[in-house]
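Residues per chain are reported as follows:
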Amino acid sequence: MLASRSLHGVPHPPPPHFTRSNRYTLSLSSSPRSKTTPLLPSSLSIGPLKRRRSSQFCVHAQSESSESTSNAAAQYTQPFSVKIPVGDRYILVETGDMGRQASAAVRVTDGETIVYTTVCLDDVPSEPSDFFPLSVHYQERFSAAGRTSGGFFKREGRARDHEVLICRLIDRPLRPTMLKGFYHETQILSWVLSYDGLHPPDSLAVTAAGIAVALSELPNSKTIAGVRIGLVNDKFIVNPTTKEMEDSELDLLLAGTDSAILMIEGYCNFLPEEKLLQAVEIGQVVYLSCEKAYPSILQLAVDWGGGGGKLAQIGREYGADVVRGICTEVESLVKRCGKPKMLDAIKLPPPELYRHVEEIAGDELVKVLQIKKKIPRRKALSSLEEKVLSILTEIGYVSKDEAFGASERIPDLLDDEDEDEEVVVDGEVDEGDVHIKPVTRKPTPLLFSEVDVKLVFKDVTSKFLRKRIVEGGKRSDGRNPFEIRTINSQCGLLPRAHGSALFTRGETQALAVVTLGDKYMAQRIDNLEGADEYKRFYLQYSFPPSSVGEVGRMGAPSRREIGHGRLAERSLERILPSDVNFPYTIRVESTITESNGSSSMASVCGGCLALQDAGVPLRCSIAGIAMGMVLDTEEFGGDGTPLILSDITGSEDASGDMDFKVAGNEDGITAFQMDIKVGGITLPIMKQALLQAKNGRKHILGEMAKCSPPPSKRLSVYAPLIHVMKVKPEKVNLIIGSGGKKVKSIIEETGVEGIDTQDDGTIKITAKDLSSIERSKSIIKSLTMVPTVGDIYRFPPPHFLHFSCFMHINV
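As the structure is a prediction and not an experimental result, all values here were calculated from the model.

Chemist: Would you explain the nonpolar core in this entry?
Modeler: Most often, soluble globular proteins have nonpolar side chains that are buried together. By size, the foremost hydrophobic cluster in this structure holds 129 residues, and its most contacted members are Ile586, Met658 and Phe660. Residues contacting Phe660, with those up to four places away along its chain left out, are Ile264, Ile625, Ala626, Met627, Phe672, Gln673, Met674, Met686, Ala689 and Leu690.

Following this line, the structure appears as structure tokens:
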């Protein structure tokens, strides 16, 4: 399933009307001398194009001449298309025929699913900051599936949660590849124009955005691509269809460059760490190749997975020539269509400013970073930053080297005033008549812009924090790299809620509340599939500004809140009982009351305890943990081995190189999410992080078991009661009645909250007390009864009779 029959070790021949002379090469790497490396390990075909002089695509290249630039712009207006085999099928990339006024525009097709993506840059740079000015917008047009919106206005409006999550999938791997110092606001727009119901558009949108950025003027270090990996019948599938995903035990979306992984996100059914690593290996090898000069994917598979492993099998199926041909063709497309990168727009702080900030604040930074509490440490850092700003932007600073050199004297030639004036003949000068007198030269104070000083101060703070962790072996709160913060939890805080829990880990705290209801409390989702989806379990995460001691805007959920809530929701989804065993709709609210890192994983832990407190019969308990990393430890006094940090805080997240969240129990993983802030990580590093996260989860689960007071593990007296009964399917209409009149009368007569009827004869009665349920059961049974031989039925007597009438059915 991983490769089509034509990929088994045999390179794809060019189409009949294509010739070798029509092929071109271009390096997509950051160096013009780097070896040919593939963007996507697949072969592609490109139509015959007239050879023209085009601009060199390389982030280290200088700006092209005006003639070259205009030539490249002229070429970009021409349509180009390439075919790239992925898994067992092709994707088609087209550019040059749509969106020609954008910096870049591509149309990517998989099956009959089409994603159109554009990249545009503002002409004027914005105010410099430490956050790259990138915004991503993704929209699924209902017309793509031949539908229209279910809303009143019949047009797409505010982005739905599903679309926001895909925006985050596009943004997260792209951001680490952006070069520092580029401040032109950048916007990536992505639309699903056609959807066939089989080929998901999310991974396609990630790849389309990566190709569009590569073709645009935006200076980036690497080209990214995305791929989904499924696991069906113990077999990994690359870019599975929606039908295949129905039976998959794994939903892994991976994005990265030709050399490293930048982002993974996925959900699974208690998958062991070893299986997850295999999936990541396949995703990276099959789709992203490797930066090393391997002669083939086969050799790469042997080196990584062993001669008899799954990777070796992948290598044998794809073959060396295919990878090499794909690399050449993809580079040819970017060389023909790509625009010169705006390298001259990159503005970085002066290099000497880093040394000046360290001289001014270095000693105090060491002391400030030893403050254990977050708020006092933040205030001390803010005060120190103000001091540095005052010196470097207002007063002026003289470096230690210049101050030391100021005591030196400079020679000044002066005549001796005590001597009589002599006449110099023929230009001759007697050296004894000239005296050298020392004159002190005052150094000039240095002044810098406020923005540059703030950027450099943040970088220097991050450097000193890393040095403390690597060289000193201690983090800001005094823990070692493997230690978990103090944990305590309690349940039953809110007496009228159906279930509640307060989970605290260090300075991160989440209040989780569970509400139970019937089908009408389910969350309705309008999607491209055509049929409305109803979610019986959903988790809503909120992050108020008070949780970090700040003042901020309150309004609609942010993209961060939607993303964190989805991660916690999918983490807990696997431990819920089936609808048959527990016929309730379940809503979990997680409000972060205090935050210092890993609040989404605190929501997983608190949500699990709250579900138990609400009486939901869970399969098991799960916990979540966030892992961090310092990649280059040699720079900070280490031996060069990457250092993995367990249970990271907010400062370690901001200053570190990785944020890897893992949720599950002792046996397996239910959800994971990894973001990399550097060039990417290798599989051995990821393996170490997964194993360290497993040990951390075991510790957290042990602490959760000590919850005081513990979860009640029974339904609250305020929770609704749901009774499930079965009737013959053909009798359901008798309960509903004409226009629903009968079922409404039953609800009014008995006082139940609702009666849900299903076509298979399942009837769900929801009420606040048992007596109401019994009355409605009695009426429904009388409507749907089928008389049988030997049964005795009692009928109410007429008004004028004072006796009961019985009927006995005999043969």
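Chemist: So what exactly am I meant to see when it comes to the packing of helix α9 (residues 351-368) against helix α12 (residues 450-472) here?
Modeler: If you want to describe how two helices pack, look at the angle between their axes and the distance between the axes. At their nearest, the axes of α9 and α12 sit 10 Å apart, and the two run at 50° to each other. Overall, the two elements α9 and α12 adopt an arrangement that is oblique. Helix-helix and strand crossings are classified by hand; for α9 and α12 the assignment is right-handed. Listed contacts from α12 to Leu353, Tyr354, Val357, Glu358, Ala361, Gly362, Leu365 and Val366 of α9 are Asp452, Val453, Val456, Phe457, Asp459, Val460, Thr461, Lys463 and Phe464.

Chemist: Help me understand the pairing of strand β15 (residues 487-491) in this model?
Modeler: Side chains of β15 alternate between two faces, with Ile487, Ser489 and Cys491 buried and Asn488 and Gln490 left unburied. Of the pairings in the sheet, the one linking β15 to strand β16 (residues 499-505) comprises five bridges and is antiparallel in character. Looking at β16, one finds that Gln490 is bridged to Leu502.

Chemist: I keep staring at the sheet that holds β16 and nothing clicks. Help me out?
Modeler: The pairing of strands in a sheet happens through backbone hydrogen bonds and is either parallel or antiparallel. What the five strands build is an open sheet, ordered β15-β16-β17-β21-β20; its pairing is mixed. Edge positions in the open sheet fall to β15 and β20 (537-542), since each of these has one partner strand only. Neighbour to neighbour, the strand axes of the sheet diverge by 15° on average, direction disregarded. Sheet topology places β20 next to strand β21 (residues 585-594); six bridges connect them, and they run parallel. Paired with Ser542 across the two strands is Thr591, which belongs to β21.

Chemist: What exactly am I supposed to notice about the sheet that holds strand β1 (residues 80-86) here?
Modeler: One open sheet holds the six strands; their spatial order is β1-β2-β3-β4-β6-β5, and the pairing between them is mixed. The sheet terminates laterally at β1 and β5 (134-140), the two strands that pair on one side only. Ignoring strand direction, the axes of neighbouring strands in this sheet form an average angle of 20°. Sheet analysis places β5 next to strand β6 (residues 186-194), joined by seven bridges and oriented parallel. Looking at the pairing, His137 lines up with Leu189 of β6.

Chemist: Would you explain the packing of aromatic side chains in this entry?
Modeler: Working definition: an aromatic ring pair is given by the centre-to-centre distance plus the angle between the planes. For the structure on display, the rule yields four aromatic pairs. Considering the side-chain rings of Phe132 and Phe182, the 6.2 Å spacing of their centres and the 20° angle between planes classify their relative orientation as stacked. Placement of Phe132 in the loop between β4 (113-121) and β5 and of Phe182 in the loop between α2 (161-174) and β6 is noted, with a sequence separation of 50 residues between them. A residue is classified by how much of its surface remains accessible, and Phe182, at 1% relative accessible area, is buried. Centroid distance Tyr541 to Phe543: 6.5 Å. Interplanar angle 15°. Geometry classified as stacked. According to the relative accessible area criterion, Tyr541 is buried, its value standing at 6%. The aromatic ring of Phe543 is capped on one face by Arg560, whose charged end is 4.3 Å from the ring centroid. Sitting over the face of the ring of Tyr267, Arg570 holds its NZ or CZ atom 4.0 Å from the ring centroid.

Conventions and cut-offs
Residues numbered from 1 in each chain as written. Predicted model: local features only at pLDDT ≥ 70, side-chain atom pairs only at ≥ 80, totals over all residues. Heavy atoms only, no water. Core = buried A, V, L, I, M, F, W, Y, C linked by side-chain atoms within 4.5 Å. Buried < 20%, exposed > 50% of the residue type's maximum accessible area, 1.4 Å probe, protein only. Contact = heavy atoms within 4.5 Å. Axes fitted to C-alpha atoms, helices over the stretch in contact; angles between N-to-C directions. Helix = DSSP H or I, 4+ residues; strand = E, 2+ residues; numbered from the N terminus. Parallel < 35°, antiparallel > 145°, perpendicular 65-115°, else oblique. Left-handed = near helix turned anticlockwise from the far one by under 90°. Pairing = 2+ DSSP bridges. Phe/Tyr/Trp six-rings, centres within 6.5 Å; stacked < 30°, edge-to-face > 60°. Lys NZ or Arg CZ within 6 Å of the ring centre and 35° of its normal.

Function-wise, these values are silent; they only describe arrangement.
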